[in-house]
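Chain residues, written in single-letter form:
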Amino acid sequence: MKNRSANIKEIVSIIFKHSSKIRILIVLELFFLVADGFFFSRVPALLKFVVDGLEKGYDYFLSNHLYETIFYSIGISAGWFISSALQHYLKEKNSTTIMVSVQLSLYEHLQNLSMEFYQSTYIGEITSRLTNDIYKSIREIYFTFTHLIWLAGLLIPSMITMASYDIGFFGVFVAVMLLFTCILVIILPIVRKKQRFAMDQMGSINAKLTESVYSMVLIKSFAQEKNVADKIQRESASFLDKILKTTRIRVIGSDSSSTLIGILAPTSLLWIGALLRIEISVIIAFFSYWLTTGARVRGILDTLQRVVEGFASFDRVYDYFQHSPLVQDQPCAENFIIKKGEILFNDLTFGYPTVNNSRAVKVFNDFSLSITERSRTAIVGRSGCGKTTLFNLLLRFFDPDSGEVMIDGKDIRTIDQKFLRSQIGLVMQETLLLNGTIRENMRFVSSEADDAKIIQALEDAKIWDYFNNYEDGLDSLIGERGIRLSGGQRQRISIARIFLKDPSVVLLDEVTASMDSDTEKSIMESMEKILRGRTTIIISHRLSTVQSCDEIIVLDQGTIVDKGPHRELYNRCELYHNLCTRQDLTGR
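Residues numbered from 1 in each chain as written. Predicted model: local features only at pLDDT ≥ 70, side-chain atom pairs only at ≥ 80, totals over all residues. Heavy atoms only, no water.

The next subject is the overall build of the protein. Along its length, the protein carries 19 helices and 10 strands. Relative to its full complement of 588 residues, the protein shows a buried share of 48%. In the protein, of all internal contacts separated by at least 6 residues, the share reaching a separation of at least 24 is 77%. (Helix = DSSP H or I, 4+ residues; strand = E, 2+ residues; numbered from the N terminus. Buried < 20%, exposed > 50% of the residue type's maximum accessible area, 1.4 Å probe, protein only. Contact = heavy atoms within 4.5 Å.)

A separate point is the nonpolar core. Formed by 44 residues in total, the largest nonpolar core has its most connected members in Met442, Leu458 and Tyr576. Of the residues forming this core, the biggest block, 6 residues, is contributed by helix α16 (residues 487-501). Apart from the residues within four sequence positions on either side, methionine 442 is in contact with Ile454, Ala457, Leu458, Ile493, Ala496, Arg497 and Leu500. Membership of the second largest hydrophobic core comes to 31 residues, among which are Ile343, Phe345, Ile371 and Ile539. (Core = buried A, V, L, I, M, F, W, Y, C linked by side-chain atoms within 4.5 Å.)

This part is about the sheet that holds strand β6 (residues 424-428). The pairing of strands in a sheet comes from backbone hydrogen bonds and takes either a parallel or an antiparallel form. Read from one edge to the other, the open sheet built from 6 strands follows the order β6-β7-β8-β3-β9-β10, with strand pairing classed as mixed. The open sheet has two edge strands, β6 and β10 (559-564), and neither has a second partner. Between one strand axis and the next, the sheet turns through 15 degrees on average, direction left out of account. (Pairing = 2+ DSSP bridges. Axes fitted to C-alpha atoms, helices over the stretch in contact; angles between N-to-C directions.)

At a minimum axis distance of 8 Å, the contact between helix α14 (residues 451-460) and α16 shows a crossing angle of 125 degrees. The angle between α14 and α16 falls in the class oblique. Judged by the sense of rotation from one axis to the other, the crossing of α14 with α16 is right-handed. Counted together, Lys453, Ile454, Ala457, Leu458 and Asp460 of α14 and Ala496, Phe499 and Leu500 of α16 form the full contact between these two elements. (Parallel < 35°, antiparallel > 145°, perpendicular 65-115°, else oblique. Left-handed = near helix turned anticlockwise from the far one by under 90°.)

Glancing now at unusual backbone geometry. At aspartate 347, a position not held by glycine, the phi torsion is positive, near 50 degrees. Mapped onto the fold, aspartate 347 is located in strand β1 (residues 343-350). Residue aspartate 347 is classed as partly exposed on the basis of its relative accessible area, which comes to 41%. A positive phi angle is found at arginine 396, which is not glycine, with a value near 60 degrees. Within the secondary structure, arginine 396 is located in the loop between α11 (387-394) and β4 (402-407).

This brings us to the pairing of β10. In this structure, strand β9 (residues 551-556) lies alongside β10, joined through 5 bridges in antiparallel fashion. Each residue of the ladder has a partner; that of isoleucine 553, found in β10, is lysine 563. Where β9 folds back on β10, the antiparallel hairpin that results is connected by 2 residues, among which glutamine 557 adopts a positive phi of roughly 55 degrees.

Within this structure, the stated rule accounts for 12 aromatic pairs. Residues phenylalanine 31 and phenylalanine 32 carry aromatic rings whose centres are separated by 5.3 Å and whose planes lie at 70 degrees to one another, so their mutual orientation is edge-to-face. Between tyrosine 466 and phenylalanine 467, the ring centres sit 5.7 Å apart and the planes meet at 65 degrees, which makes this aromatic pair edge-to-face. On the accessibility criterion, tyrosine 466 (36% relative accessible area) is partly exposed. Since its relative accessible area comes to 0%, phenylalanine 467 is described here as buried. Three or more aromatic residues joined by ring pairs make a cluster, and in this case those are Phe117, Tyr118 and Tyr320. Lying across the ring of phenylalanine 143, lysine 91 places its NZ or CZ 5.0 Å from the centre. (Phe/Tyr/Trp six-rings, centres within 6.5 Å; stacked < 30°, edge-to-face > 60°. Lys NZ or Arg CZ within 6 Å of the ring centre and 35° of its normal.)

This is the structure we're talking about:
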């Protein structure tokens, strides 16, 4: 999908959508923002009041304006303190609430995307957008919005007051503002474009760092530390170059505005006031207004530059929101209950989608396969022949280009995806475990399961005796990806999850591929109870695992070469015979 920048309307729409629960708090925040700016704008007016009194003499001021000035000062200070404290608190609360809501919404959206998205996107890139980009974009955009509201509360009464003092001085102020606006209009679009390039580069760096951390064993075992570090260094150098280009443009605008607002404008007020012979109190008031408002207006450039960076980050978040899942439920999708487990792949044609969602080389072309209910079927063949693809289609991670996949006579495209998968148990070669306790990992598949059911499932998987010796029992931590457990123990937890889930159909994908023969035998024995009486499909390169299956399907390049029991295939199928011979298996 081609990247497209979000426009202001789309940004406001998303933020407005995710602020629905806190709109009363936002209204309160806006009120206190305006009040904060208003009270702050009264300081120069107070200064003029004092100077006017002092010009008439100290005795006159002390006798006529002292108490009034004190009360006025206390009122301004109290009002400013209360409104400032409340608006700062509400700003943090509201922005964080919106940020968390957008983050959760994006995460839920990503969960609904098809597997093709995850096969073509780096994990580090996804996490970067879910965390850094959302934090930076929402925070900067919301803070800029609130800052502009506060500035309105400051500028409007200030400008009205300045205009009432002297229209000429006010004209100077307006002229500077117009010049300042022209600088912004020229610089900000350039900064936004270049900032997006820099953020994309940062996402790429995060992706490579995440990948390198996950692959540290591989990197060390092949002594590739320097090569990997060099690749990351080149990415970082490219990121630095993009950041410096953005900074150069930003600095030019920032320094020019600083010179204009911080030096030329206030000094011009003094000599213009002197030339026009304006009252000293008015000159001082105007100078004070410029110090209070001009400095804040100078901050608009920094604020808007930050919001441009926020826009660049938001573009990356928005880009993910624009992704649509290739596999979607039909409007009439139903919660169909699998009772028998009879499976039919009927005239399938399928090829995995590429980055632009076109189809690559076909994996299957007019492929058909029927699997009898409650049978145990194995799918074997060389790597890349389409074994795992059948699982992907059955779980509806992908939809076929043509043809249909049916369970109990029902096209799975008419079944709710989540409900379909809730009735299918999958055990993979790579066991995916959470960085938490044994109980948390078991409840991942059944959140309502009590300890008794969890322990029973672990006993059925022949692993509870081991965990029962742990001091913390079910509360024992197993480490990230189950690193504190052996491969066999991790696999048994996956099997225990299947016992707890109690599915209608069980899919085993290379469950024993990395295990020794004894562990393989033990694992398969522990699964016998859950497989009995259920439709089971087994993918395995280790043919010793599938010899006892009711039927073995031999695939080659997406085509069924032969099928039948082990002994028959060994005697009549050359491909299957060769696979058995390489593993020292006989036809017995």
